[in-house]
Amino acid sequence: MSKPIVYVTRLIPKEGLRMLADVAEVRVWEGSSPVPREVLEKEIRSAAGLISLITDTVDASLMDLAPDLKVVANYAVGFDNIQVEEATKRGIFVTNTPDVLTHATADLAMGLMIAAARRIPEGERFLRNGMWKSWTPTLLVGKDVYGASLGIIGFGRIGQAVAQRAKGFQMKIYYYDEQRNYPMESDLGVKYMPLNELLALSDFVSLHVPLNENTRHLIDKEKLVRMKNDAVLINTARGGVVDEEALIEALSQGIIGGAGLDVFAEEPMPRNSKLLQLANVVMVPHIGSASWSARRQMAEVAARNVTAVLDGKTPPDAINAVWF
Ligand code: NAP
Ligand code: GLV
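Residues numbered from 1 in each chain as written. Chains lettered and ligands numbered in written order. Predicted model: local features only at pLDDT ≥ 70, side-chain atom pairs only at ≥ 80, totals over all residues. Heavy atoms only, no water.

Asks: Could you clarify how one ought to interpret the pattern of salt bridges in this entry?
Replies: When their charged atoms lie close together, side chains carrying opposite charge are able to pair. Per the stated rule, a full pass over the model turns up 20 salt bridges. Residues joined in a network through salt bridges with shared partners are Asp-64, Glu-86, Lys-89 and Arg-90. (Salt bridge = Lys/Arg side-chain N within 4 Å of Asp/Glu carboxyl O.)

Here it is, written out as structure tokens:
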């Protein structure tokens, strides 16, 4: 009997591909940029499983082309690129890669916080451009992270992992989430705050909510105005959680002090983005989970979810299993 086909929209670490090869015929888009839609539309027709990336839109029109599709395993924890309800209607499992990238992403959030506060990229540009003439008392002076206040918006896996790190920096930690987490409040010594109060009290604000219809532009002009005028906004969640035009205005006009960004309204960022002109922004190209260990484990998790479904089981990381 022929093996079911699994389509993988980009080369992922080999550990995951090997696991899939035991149970499936694995087809991979090996291009250096995202799979073109027309290729995906062709390949999906015969696929029983799809490993997708955040750069792939998995919508109703794609799933309609896939009579045999049983599972879409996103190679990410966020799944705003997938129309989950449409998958559920068609009996298709959707899975993600929770936990294995939590620490890598929390590390990056802390890195952006320190880099923005202490102007590390600005200092490196200064040095590389040959501008360093002498040690100077006022050169590249920034803001303390140690002992400062941190507001965490979205207190799930990554938000909590950031709090654990911030505790080591003796930060005063506030969080806002849809639900209070009383055990964590006492374990980590963090304090729940309504959103507006958190914004007003925090020296640093770090975003860790998923992108959905409730969180799109959660941080807009009105929210930015509530922040301290030297506060730093860290976004490793999704670009769409922030109104980027309002953020650019706030950063340009001194409404807030700075930002550390891993995610953007449009990715890759257009070359004419005004963010590129601002010295008080530290930016990296969506690399939150980019540690070797996290990326390898994400491949294994995605493969484990696909193999479970092909074996007739409920996948361990199903987002929509409860609706089946
Ligand atoms: P998670 O464990 O599900 O945490 C998200 C938290 O946000 C949950 O506690 C959730 O509450 C809360 N939340 C949801 N909607 C909210 C709202 N409207 N207001 C306040 N809180 C809300 O997810 P995670 O693993 O920490 O990941 C968080 C997000 O980070 C992902 O969805 C993804 O977009 C992003 N991410 C980015 C990178 C990167 O490379 N930059 C890497 C990994 C993750 P409930 O559980 O009650 O809904
Ligand atoms: C990356 O952005 C993820 O959601 O895993």
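Now, onward.
Asks: I keep staring at the site of ligand 2 and nothing clicks. Help me out?
Replies: All residues adjacent to ligand 2 are Ala-76, Val-77, Gly-78, Leu-101, Arg-238 and His-286. Separating an oxygen atom of ligand 2 from a backbone N or O atom of Gly-78 is a distance of 2.8 Å. Here an oxygen atom of ligand 2 and a side-chain polar atom of Arg-238 are 2.8 Å apart. Coverage of ligand 2 by the protein amounts to 86% of the 190 Å² it exposes when considered alone. Split into classes, the residues belonging to the shell around ligand 2 amount to 3 nonpolar, 2 polar and 1 charged. (Near = heavy atom within 4 Å. Polar contact = N/O pair within 3.5 Å; in protein donor to acceptor, adjacent residues only side chain to side chain. Areas by Shrake-Rupley, 256 points an atom, 1.4 Å probe, with all protein chains shown as cover. Nonpolar A, V, L, I, M, F, W, Y, C, P; charged D, E, K, R; others polar.)

Asks: Please clarify how the site of ligand 1 should be interpreted in this entry.
Replies: Arg-157, Ile-158, Asp-177, Thr-236 and Asp-262 are the nearest of the 25 residues found near ligand 1. Between ligand 1 and the protein, one listed contact pairs an oxygen atom with a side-chain N or O atom of Gln-179 at 3.5 Å. Arg-238 places a polar side-chain atom, nitrogen or oxygen, 3.3 Å from an oxygen atom of ligand 1. Look at ligand 1: alone it shows 920 Å² of surface, and the protein chains cover 83% of it. In terms of residue class, the shell around ligand 1 is made up of 9 nonpolar, 11 polar and 5 charged.

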